[in-house]
Amino acid sequence: MAAARRKGAGKRQGAAAPSSADESWASTMLNPPPMPGKKRKAQEQEQEQEQEQEQEQEQTRDGDSEEAAVWDWADVALPTRIGGADDEIGGVMSLQEVDGVDCVWEDDEATGGRVLKFRKAAGAKKPRRRGRLAQKSAAMADDSDEAEDAYCAVDWDDFVAVDDFSEEKAERGELVSIGAQMRSAAATGEDSGAEDSSAEDGGAEASDTDAAAPPPLAGEEDEEDVVDPDVDVSAWAQLGVHPPLLRALRHLGFSEPTEIQAKTLPAAMGGRDIIGAAETGSGKTLAFGIPMLQHISARQGAWAGPTGLVLAPTRELAIQVRNHLTAMARFVRARIVAVVGGMSQEKQERLLGSQPDIIVATPGRLWELASTSDAHLGHLRAIRFLAVDEADRMLEPGHFKELKFIFQAVNEQAPQAGAPGRQTFVFSATLLKDMSLAQRRGAPPGSSKKKKNKSKARPEPGSMEDLVERVGFRDTEPVFVDVTRPDATARTLTESRIDCLASDKDHYLYYLLVRYPARTLVFVNSIDSIRRMLPMLRLLRVDALGLHAQMEQRQRLKNIDRFCETENAVLVASDVAARGLDIPRVECVIHYQVPRSGDLYVHRSGRTARAQSEGLAIMMVSPEERKLYYRMCAKLDKDIAAFPVDLDLVARLRPRVELARDVELREHRLDKRAHERSWFKKNAAEMDIELDSDFMPSSDDERSAEAACSERQERQQIKALKAQLAQLLATKVLGRGVSGRYPTGSTIAGLADRLTTDSAGANAAIPTLRKESALEAAKSKSKSRKNKSKTWPV
Ligand SMILES: Nc1ncnc2c1ncn2[C@@H]1O[C@H](COP(=O)(O)OP(=O)(O)OP(=O)(O)O)[C@@H](O)[C@H]1O
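This one's a predicted model, so the numbers in the text were calculated from it and none came from an experiment.

Visitor: Talk me through the packing of aromatic side chains; I want residue IDs and the actual numbers.
Guide: Summed over all chains, the structure comprises six aromatic pairs. Where Tyr-629 meets Tyr-630, the ring centres are 5.5 Å apart and the plane angle is 55°; that geometry is what we call tilted. For Tyr-629, a relative accessible area of 2% gives the class buried. Members of the aromatic cluster, connected to one another through ring pairs, are Tyr-511, Tyr-516 and Phe-643. Here the guanidinium or amino end of Arg-247 rests over the ring plane of Phe-331, the centre of that ring lying 4.0 Å away.

As structure tokens, then:
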């Protein structure tokens with residue numbers, strides 16, 4: 001008998017392929033405390049990257065002619081012998097199907113186990129070895145299920161060693177998985193001979209790659225192997241949270257519920273409808289997720305339709321919520337799927353048909369699929385929980401027109417005698433903005449008798465009354481929890497502003513990024529701004545990525561992934577990133593323009609200072625934006641302090657920015673001309689017409705010598721400007737009062753050393769200045785100030 005796949009641990013019948021790993025970025029968002037093995041894994045990855053680089057160099061030297069008989073892929077060591085399981089394991093790894101690869105098993109005398117090696121099949125050409133990240137990116141670019149399968153890591157918790165297997169043990173539930181054996185061997189210092197770091201990670205990788213697969217059931221593993229026993233979750237237990245979810249909370253390191261969780265969970269688990277408002281990053285996802293998972297964990301009998309439906313305004317947010325709930329469902333058998341636009345429709349159709357327990361969706365794609373299938377519509381009608389995340393955004397007039405149909409479908413559910421009705425949860429950080437303080441303290445609008453009697457007329461579209469009416473609460477008096485502050489921003493957020501001319505914003509931005517390198521999110525009001533700023537920042541050697549709604553979905557997810565992985569990366573984003581995204585360790589949010597509304601300011605700023613960590617938001621305000629700025633401050637009832645800008649340094653960095661802007665503009669003009677030419681040519685060819693050569697030369701030869709010459713000159717000019725910029729960037733910038741001519745004679749101790757070596761305490765680009773975070777600068781300024789700073793235009 002082959003190694004036995006543990007009963008129930010595999011996929012359900014008809015289940016879709018594992019969820020695509022291009023969604024893996026969101027798994028890092030849960031930001032759990034460091035787990036055993038994490039550090040080791042990071043080290044291993046570093047080593048692996050170094051080795052890969054060495055091997056790449058070797059390969060370049062050797063050329064492809066000297067092909068080895070064994071691929072230079074890492075061997076896979078198994079801790080113990082798995083008789084007859086080779087085929088199954090090979091299949092799981094999707095390696096048997098790879099052209100040119102033979103999987104060969106060899107005994108490992110040292111461990112008594114076996115080693116899987118990858119030999120070259122006859123006539124196979126040596127593939128270029130690629131690092132894990134490169135493989136991941138390649139698979140991302142590939143839409144196929146095969147590419148997704150490439151992400152499947154072997155989960156040894158699903159396998160039992162053949163020598164340990166017996167029917168009797170299986171019946172008594174005494175089988176111990178290979179994964180559990182490996183962990184206990186690692187814990188006792190025994191050399192298992194296997195290097196499966198994912199097992200030590202507690203399967204974090206599995207949630208990376210296959211967030212939709214049902215995890216192992218509670219009680220099947222030794223709890224101490226998986227969770228951190230030091231995390232006391234008794235506060236959750238007092239709220240009535242079930243043991244499998246307590247284990248997951250311990251695993252995530254969430255010792256206490258946040259305020260919104262503590263105030264809503266008892267009512268939600270008692271069957272009540274909830275309207276909840278709490279600051280950004282305060283854990284609202286679990287406030288509606290735990291009651292759903294609790295219900296699923298207590299459910300008996302076969303699957304009879306999805307239990308929960310979560311609606312979110314953006315694709316990234318829906319994927320993140322799916323991953324967050326999946327991590328929480330670690331010890332509950334629950335399939336959680338994300339159904340969002342921009343991804344393969346067929347795959348999502350399969351996901352909807354894969355007996356999901358919770359569907360997290362954006363309204364457009366969900367309705368597109370559900371409206372064409374009676375089965376899916378039937379499932380919507382039968383859901384037990386409906387959650388609307390970022391509810392105020394979802395209900396903005398003119399947006400998400402499909403919501404109306406979804407609500408209608410969900411509300412068609414006929415109440416069954418004796419059965420608990422559907423529960424509805426509505427959450428946001430800015431949900432209650434339209435309401436008076438008295439209303440916010442009292443019952444929700446629409447529920448009060450006064451309100452009901454007062455107007456039978458339809459409520460104003462987009463208002464809270466409208467929300468209550470349209471969502472269709474079953475509870476006549478939904479529980480109303482508001483734990484926001486009057487200004488709605490997070491308590492741990494420090495806010496600052498920089499007053500400057502609109503034309504100087506690039507200079508200030510570059511100054512901030514160079515002076516205070518950190519993971520920074522820059523919000524702009526238009527996609528055109530992103531398109532202009534990205535090349536400019538890259539010319540200035542800032543590691544900048546973009547995110548906006550016109551980008552391909554895969555590229556969007558990839559950029560968020562890279563942003564999460566890269567230290568001091570900069571993400572220039574439109575408001576598609578403003579709500580809900582939980583990217584770990586974003587230190588600073590810069591509003592390049594004043595946001596169009598107070599809510600937007602709150603949500604954008606809420607990408608930092610999450611889960612009780614500190615963060616900084618800086619808003620750039622030009623004279624033209626002052627009116628908008630004051631209106632926003634009045635609405636949020638706040639006054640934002642000026643950020644302490646070193647104007648001298650801004651001036652020193654100015655030439656770099658001017659040059660980069662000039663190069664960007666020239667390149668943009670050339671690209672535009674080339675684009676126009678090809679557009680005209682293409683359309684002329686399609687319409688079968690000849691273009692007048694005076695109007696648009698149809699070939700380069702026909703282009704006037706003058707035009708070609710001016711273009712050549714322009715390219716040379718760009719080259720010269722780039723060289724000039726490179727020279728500027730290679731020169732270290734010195735701070736105020738420091739002469740670059742006589743560094744040894746300066747009053748700054750060790751300046752010569754700092755200029756020649758990278759000193760740990762100094763700013764990398766400006767060695768005369770010490771390393772400091774923008775948050776520290778803003779806080780020290782706000783302590784010492786009464787706004788003396790001269791921040792008005794230089
Ligand atoms: N009880 C808890 N203890 C510690 N961290 C928590 C707890 N609950 C949630 N978190 C973490 O807090 C972060 C923010 O959670 P979540 O995304 O649910 O916030 P949110 O209130 O929905 O934010 P937003 O309004 O921006 O959408 C996540 O990284 C989550 O893992």
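Visitor: Got a sec to walk through the side chain of Asp-357? Specific residues and values, please.
Guide: Along the polypeptide, Asp-357 turns up in the loop between helix H15 (345-352) and strand S9 (358-361). Judged by relative accessible area, which is 0%, Asp-357 ranks as buried. A polar contact of 3.0 Å, which involves the side chain of Asp-357, links it to the side chain of Arg-299.

Visitor: Requested: an account of the pairing of strand S14 (residues 520-523), with residues and values cited.
Guide: Here S14 shows two buried faces, one formed by Thr-520 and Val-522 and the other by Leu-521 and Phe-523. Pairing analysis gives four bridges linking S14 to strand S17 (residues 588-591), with the strands arranged parallel. Pairing of Val-522 across the sheet is with Ile-590, part of S17.

Visitor: So what's going on with helix H24 (residues 527-539)? Residues and values would help.
Guide: Its 13 residues place the ends of H24 19 Å apart at the C-alpha level, agreeing with the 18 Å of an ideal helix rising 1.5 Å per residue. Turning to H24, its buried residues number three or more, namely Ile-527, Ser-529, Ile-530, Met-533, Leu-534, Met-536, Leu-537 and Leu-539. Contacts from the buried residues of H24 go to helix H23 (505-515), S14, strand S15 (544-547), strand S16 (570-573), helix H28 (647-687) and helix H29 (705-730).

Visitor: Explain the confidence of the model for the protein to me, using residue names and the numbers behind them.
Guide: Averaged over the protein, the pLDDT score is 74; the fraction of residues at 70 or greater is 60%. Considering only residues more than four positions removed or in separate chains, one finds that residues 56-68, a stretch of pLDDT under 50, has 15 contacts. Contacts from residues 440-455, a stretch scored under 50 in pLDDT, to residues over four places away or in other chains number 26 contacts.

Visitor: Pulling in residues and values, what's your account of the site of the ligand?
Guide: Neighbouring the ligand are 22 residues, the closest being Glu-256, Lys-284, Thr-285, Asp-582 and Arg-610. Gly-281 has a polar backbone atom sitting 2.8 Å from an oxygen atom of the ligand. Taking 640 Å² as the accessible area of the ligand by itself, protein coverage stands at 93%. When the residues that make up the shell around the ligand are grouped by side-chain class, the tally is six nonpolar, nine polar and seven charged.

Criteria and cut-off values
Residues numbered from 1 in each chain as written. Predicted model: local features only at pLDDT ≥ 70, side-chain atom pairs only at ≥ 80, totals over all residues. Heavy atoms only, no water. Phe/Tyr/Trp six-rings, centres within 6.5 Å; stacked < 30°, edge-to-face > 60°. Buried < 20%, exposed > 50% of the residue type's maximum accessible area, 1.4 Å probe, protein only. Lys NZ or Arg CZ within 6 Å of the ring centre and 35° of its normal. Helix = DSSP H or I, 4+ residues; strand = E, 2+ residues; numbered from the N terminus. Polar contact = N/O pair within 3.5 Å; in protein donor to acceptor, adjacent residues only side chain to side chain. Pairing = 2+ DSSP bridges. Expected span 1.5 Å × (residues − 1). Contact = heavy atoms within 4.5 Å. pLDDT = per-residue confidence, 0-100. Near = heavy atom within 4 Å. Areas by Shrake-Rupley, 256 points an atom, 1.4 Å probe, with all protein chains shown as cover. Nonpolar A, V, L, I, M, F, W, Y, C, P; charged D, E, K, R; others polar.

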